[in-house]
Amino acid sequence: MRVSPEILRSLENESIEILRECAGTFRKPVILYSIGKDSSVLLHLAKKAFFPAPIPFPLLHIDTTWKFREMIQFRDEVVAENDLDLIVHTNQRGVKAGVNPFTTGISEYTRIMKTVALRDALDIHGFDAAIGGSRRDEERSRAKERIFSVRESGHLWDPRNQRPELWRTYNTKLLPDQSMRVFPLSDWTESDVWFYIQQEGIKVNPLYFAKPRPVVARGHQWIMVDDERFPLAAQDAVELREIRFRTLGCYPLTAGVESSARTISEILDEVLEVRLSERATRLIDGEKEDSMEKKKSEGYF
């Protein structure tokens, strides 16, 4: 079912209000830029919220060094085209220790290269609010978040200790050792995001569109061999398959889906038919029932 322009306008207005609340409330906010479709929408909304002035927040990208090459290329193009203030942070201790998605273990890799890296970056730069593009329909633990979600000392999250948000009344007050995570896209769905991208003509990463890509099978999923660091087993057969990605992350942990969708209209046809969340293609979410909630409680976004 198509999302009406009125619904998209209402979602847009809500998100813009949240972004302006961040600008007026917090001492030093930052936008977490993951380079995906939700980040692209969030960036577009931020530009609208403060036009004709520039976006008053810097962007922060946590680079694990294992992102798709097309993600980094797209990131740099967007930053240059929009004259954005981008901070890139990598956990260099993890790099020196040889932490990687293949031999470290998925949970430990995520903890070191994503969770610890994010906490360190927020502390180093003194950010008191981190604004991200997470949506409630992505994954069950993310549905427990408020729009303004308090983090305790050390960026720890307690899902049982959430502030009420009745009638869009936000409590943005922070104690000296607290910080805030902010989710302006909380009330959006995956289809809302794609309809808005189509309506606004927002530029998104080419990885979302289907084309022949080199992949290997991992169970019932297809993992793209994006560079020479991918360790191939003797039984691995690299083959070209027409795939696209519903979500973007570290390439060894993000499965592609077989698809012929080469336009946003064709992507929407697929999204409206599928019943699984796009997070189903993220290997980092599937190790344990509570894996995402555990990661989030430790400071993961």
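Rules of the game
Going along each chain's sequence as written, the residues are numbered from 1 onward. Local features in this predicted model are restricted to residues whose pLDDT is 70 or higher, and side-chain atom pairs enter the listing and the counts only when it is 80 or higher, whereas totals over whole chains, interfaces and linings include all residues. Just so you know, side-chain values use all the structure's heavy atoms and leave hydrogens and water out. Labels follow the DSSP assignment, with helices taken as runs of H or I lasting at least four residues and strands as runs of E lasting at least two, numbered in each case from the N terminus. Contacts between residues were defined by any pair of non-hydrogen atoms, one from each residue, lying within 4.5 Å. Think of it in three bands: residues with accessible area under 20% of the maximum for their type are buried, residues over 50% are exposed, and the middle band is partly exposed, with areas taken using a 1.4 Å probe on protein chains only. Each polar contact in these results corresponds to two N or O atoms within 3.5 Å; when the atoms are within protein, one needs to be able to donate a hydrogen and the other to accept it, and residues that are neighboring in sequence are counted only if both atoms are side-chain atoms. Side-chain atoms within 4.5 Å are what join buried Ala, Val, Leu, Ile, Met, Phe, Trp, Tyr and Cys residues into a set we call a nonpolar core. What fixes the domain bounds is an automatic or database domain assignment. Lines fitted to C-alpha atoms define the axes here, with helix axes fitted over just the stretch in contact, and angles between the N-to-C directions of these axes take values from 0 to 180 degrees. Roughly parallel covers angles under 35 degrees, roughly antiparallel covers those over 145, roughly perpendicular covers 65 to 115, and oblique covers all other angles. Here is the rule for handedness: rotate from the far helix to the near one, and if that takes an anticlockwise turn smaller than a right angle the crossing is left-handed, while a clockwise turn gives right-handed. Polar here means any residue outside two lists: the nonpolar Ala, Val, Leu, Ile, Met, Phe, Trp, Tyr, Cys and Pro, and the charged Asp, Glu, Lys and Arg; Gly therefore counts as polar. Strand pairing is defined by DSSP finding a minimum of two bridges between the two strands.

Visitor: Hey, could you run me through unusual backbone geometry in this one?
Guide: Glycine aside, a negative phi is what most residues show, and trans is what most peptide bonds show. Here the bond from Phe51 into Pro52 is cis, since omega is 5 degrees, no more than 30 degrees from zero. Examined against the element boundaries, Pro52 turns out to sit in the loop between helix H2 (37-50) and strand E2 (59-62). One non-glycine residue with positive phi stands out, namely His155, at about 65 degrees. Secondary-structure assignment places His155 in the loop between strand E5 (148-151) and strand E6 (179-182).

Visitor: Help me understand the side chain of Ser191, please; the structure alone is not making it clear to me.
Guide: Positionally, Ser191 belongs in helix H6 (residues 190-200). Not counting residues within four places of it along the chain, the set of residues in contact with Ser191 comprises Leu268, Val271 and Leu272.

Visitor: Looking at this model, I keep getting lost on the environment of Ser297. Mind explaining?
Guide: Considering the arrangement of structural elements, one finds Ser297 in helix H8 (residues 291-297). Residues Ser297 and Ser141 lie 156 residues apart in sequence; the distance between their C-alpha atoms is 9.8 Å.

Visitor: I would appreciate a short explanation of the side chain of Ser149 in the present structure.
Guide: Within the fold, Ser149 resides in strand E5. Note on Ser149: relative accessible area 0%, which makes it buried. A polar contact of 2.4 Å, which involves the side chain of Ser149, links it to the side chain of Glu145. Not counting residues up to four positions away in its chain, the partners in contact with Ser149 are Trp157, Gln162, Ser179, Met180, Arg181 and Phe183.

Visitor: Is there a simple way to think about the nonpolar core in this case?
Guide: Generally speaking, soluble globular proteins have nonpolar side chains that are buried together. Grouped together as the largest cluster of nonpolar side chains are 72 residues, with contacts concentrated most on Leu19, Val41, Phe148, Val182 and Trp194. When residues of this core are assigned to their parent elements, the largest contribution, 7 residues, is made by H2. Split by domain, this core shows at least three residues from each of two domains, domain 1 (5-195) and domain 2 (203-286). Apart from the residues lying within four places of it in its own chain, the contact partners of Phe148 are Ile18, Glu21, Cys22, Phe26, Glu165, Tyr170, Thr172, Met180, Arg181 and Val182. Of all hydrophobic cores here, the second largest spans 13 residues; its members include Ile87, Leu122, Phe127 and Phe301.

Visitor: Before we go on, may I ask you to explain the packing of H6 against helix H7 (residues 264-271) in this structure?
Guide: Any two packed helices are characterised by how steeply their axes cross, that is the angle between the axes, and by the distance between the axes. At their nearest, the axes of H6 and H7 sit 10 Å apart, and the two run at 165 degrees to each other. Taken as axis vectors, H6 and H7 run roughly antiparallel relative to one another. You can see that H6 and H7 cross each other, and the crossing is left-handed. Contacts between H6 and H7 pair Glu190, Ser191, Trp194, Phe195, Ile197 and Gln198 from the former with Ile264, Ser265, Ile267, Leu268 and Val271 from the latter. Looking at side-chain class alone, the contact of H6 with H7 contains 7 nonpolar, 3 polar and 1 charged residues.

Visitor: What is the right way to look at the sheet that holds E2 in this model?
Guide: Whenever strands of a sheet pair, they do so through backbone hydrogen bonds, lying parallel or antiparallel. One open sheet accounts for 6 strands, arranged E3-E2-E1-E4-E6-E5; its pairing is mixed. The open sheet is flanked by strand E3 (86-89) and E5, the only strands paired with a single partner. Pairs of neighbouring strands in the sheet enclose a mean axial angle of 30 degrees, with direction left out of account. Where strand E1 (residues 29-32) lies against strand E4 (residues 129-131), 3 bridges are found, and the strand directions are parallel. By the bridge assignment, Pro29 is partnered in E4 with Ala129. Along the sheet, helix H1 (residues 5-25) makes contact with E1, E4, E5 and E6, crossing E5 at roughly 40 degrees.

Visitor: Mind showing me how you'd approach the sheet that holds strand E8 (residues 221-224) here?
Guide: Read around the closed barrel, 4 strands run E7-E8-E10-E9, paired in antiparallel fashion. Neighbouring strand axes in the sheet, compared pairwise and without regard to direction, differ in orientation by 70 degrees on average. Sheet topology note: the strand E9 (residues 239-244)/strand E10 (residues 255-258) ladder contains 2 bridges and is antiparallel. When the bridges of E10 are listed, Ile243 appears paired with Glu258.

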